[in-house]
Amino acid sequence: MSDIKKNSESKNSSNGNFRISFNQDYTSLSVANECGYKLFAINSVNKIDEIFNSESNVDTKIAERLFGSSLVSIVISREQYKLKIVHYKKRTDICEFKYPKNILSVKMNRSRLVVGLKDSVYIHNIRDMRLLHAIKQLPDNPTGLITLSLNSHLAYPCSKDCGNIQIYDAGNLQHRIIIEAHSSPVAAMNFSSTGTLLATASQKGTVIRVFCTKNGQRVMEFRRGVKRYAQIMSLNFSICGSFLSVSSNTETIHIFKIDQKAKEAAEKRQDKQALTESGDEEDKSDERSGIMKAFSKAMETLIPVSTMLYQDRAFAHVQLSEPGLRHTCVVAKLEKELRLMVACEDGFLYIYNLDANGGECKLLKCHDLRGSLYDITELNGNETSSESLSTSAPETIVVDSPSNTPAFETSFAEVMKGKSVVNPIDPVNTYQSKNAQIFDETNFPPMCQA
């Protein structure tokens, strides 16, 4: 594997520190670093097409694409308080927002765009980018940890001392429930595509838990390790909701299988001690007597030991050659087969098989995302030597001269026709009431099927 990287280093001088993220249905990925950002379409195990390269030489911190649409959210390092929404095919800025603090995360679905700061969350209507609601004065969230489902369930940490998670309905702008996920602060979490399940991991990283978002019930618990603490880097459900892939700073990637019967059973249960309506924490503490509190504390120390034998271990796994790097992993269907895709911060995308019986996954292909995707060195999982892809250049999209002026009040179609645009919007002080469409219905991304 090291030979591949050496052969490719001469084609791109910037190696390492790539920030790679998959889109909402795992059909595309974005690669950002100090040279700008690139977008790739994932077509098959052997075919990863570069569809856009900003070539801006601007250090890009965040680049998130909305499904297969032309809409991309951009945050650059020199202006981390500013979010820019661009149409990458036309190289046109659509709108721009400024926030009181640095942007740490951006999540999108078909109806909402959510921006996570250190102590607040901003919710926008993605059709016209109006600011709908701001959740402020939250406990410190240094990584901007938030997650958004396709049906607009939003989750964020609501305690800095323990792993309590607030489930918020971003579609109707209503608080739902608080899930008491872990005794230590949460380090990673993610929804299933339907939003019915929430997977969580604490800063210890030894246990992965899956909860039902309807009632806060624990569905399953997976043990990643026994004695060894780890930093969880990635936690993602497959689109079908049957698998959960987990990567950490260790040398192993784990894939867990979700028991659908356990999910159905959890949805039917209603345990008031595992569920707290938002704003009712004081009422809950008043209901418990001193004896019950002591009993609960004792049970919390006994449960990890008593349930050790009942914690499910990994269904499949991958042994990495270089631990310590940030890997983002997802399980998706490629060519009608389930595959594990692992994107590493060193700029490589690894694709593994996922056997129906589980076990160790076999490497099928390694793609170098650092340079152009033609005339580069690739590795097949069943070969000991490297091979070159076709040297034919990908189709070039010819566009008009780009307009770098951000737009907000102008509709998406009008922006594409060259209509004049307005100044950036400050979402902290401005609430836009005009229902301005920023993209046509024909270009609206399709709903991702679970």
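Quick summary incoming for the structure in this document. Quick caveat: nothing in here was measured; it's all calculated off a predicted structure. (Residues numbered from 1 in each chain as written. Predicted model: local features only at pLDDT ≥ 70, side-chain atom pairs only at ≥ 80, totals over all residues. Heavy atoms only, no water.)

### Some remarks on the state of the cysteines
Scanning the entire structure with this criterion turns up zero disulfides. Looking at the unpaired Cys158, the closest cysteine sulfur is the one in Cys162, lying at 7.3 Å. (Disulfide = S-S within 2.5 Å.)

### Focus on the sheet that holds strand 4 (residues 48-53)
Pairing between the strands of a sheet comes from backbone hydrogen bonds, and it takes one of two forms, parallel or antiparallel. The four strands are arranged 1-2-3-4 in an open sheet whose pairing can be described as antiparallel. Of all the strands in the sheet, just strand 1 (19-22) and strand 4 have a single pairing partner and so form its edges. The average undirected angle you get between the axes of adjacent strands in this sheet is 25°. (Pairing = 2+ DSSP bridges. Helix = DSSP H or I, 4+ residues; strand = E, 2+ residues; numbered from the N terminus. Axes fitted to C-alpha atoms, helices over the stretch in contact; angles between N-to-C directions.)

### Describing the packing of aromatic side chains
Within the structure shown, the criterion is met by seven aromatic pairs. Geometrically, the ring pair formed by Phe22 and Tyr26 is edge-to-face, given 6.3 Å between the ring centres and 80° between the ring planes. A relative accessible area of 10% places Phe22 in the buried class. Connected via pairs of aromatic rings, a cluster forms that spans Tyr37, Phe52 and Tyr88. (Phe/Tyr/Trp six-rings, centres within 6.5 Å; stacked < 30°, edge-to-face > 60°. Buried < 20%, exposed > 50% of the residue type's maximum accessible area, 1.4 Å probe, protein only.)

### Some words on the environment of Glu180
By secondary structure assignment, the location of Glu180 is in strand 16 (residues 174-182). Taking the C-alpha atoms as reference, Glu180 lies 10.0 Å from Cys158; in sequence the two are 22 residues apart.

### Points about the side chain of Thr213
Mapped onto the elements of the fold, Thr213 is located in the loop between strand 19 (207-212) and strand 20 (218-223). Contacts of Thr213, omitting those with residues within four sequence positions, involve His153, Ile177, Phe191, Gly195, Thr196, Leu197 and Leu198. (Contact = heavy atoms within 4.5 Å.)

### Focus: the pattern of salt bridges
Throughout the structure, instances matching the rule amount to eleven salt bridges. For Lys101, the salt bridge identified is with Asp119, shortest N-O distance 2.6 Å. Here Lys101, found in the loop between strand 8 (92-98) and strand 9 (105-108), pairs with Asp119, found in the loop between strand 10 (112-116) and strand 11 (121-125); they are 18 residues apart in sequence, far enough to count as distant. Relative accessible area serves as the criterion here: at 37%, Lys101 is assigned to the partly exposed category. Residue Arg130 is joined to Asp128 by a salt bridge in which the shortest nitrogen-to-oxygen separation is 2.8 Å. Assessed through its relative accessible area of 0%, Asp128 is described here as buried. What emerges from the salt-bridge pattern is a single network uniting Glu79, Lys82 and Glu96. (Salt bridge = Lys/Arg side-chain N within 4 Å of Asp/Glu carboxyl O.)

Any link to function would need more than the numbers given here.
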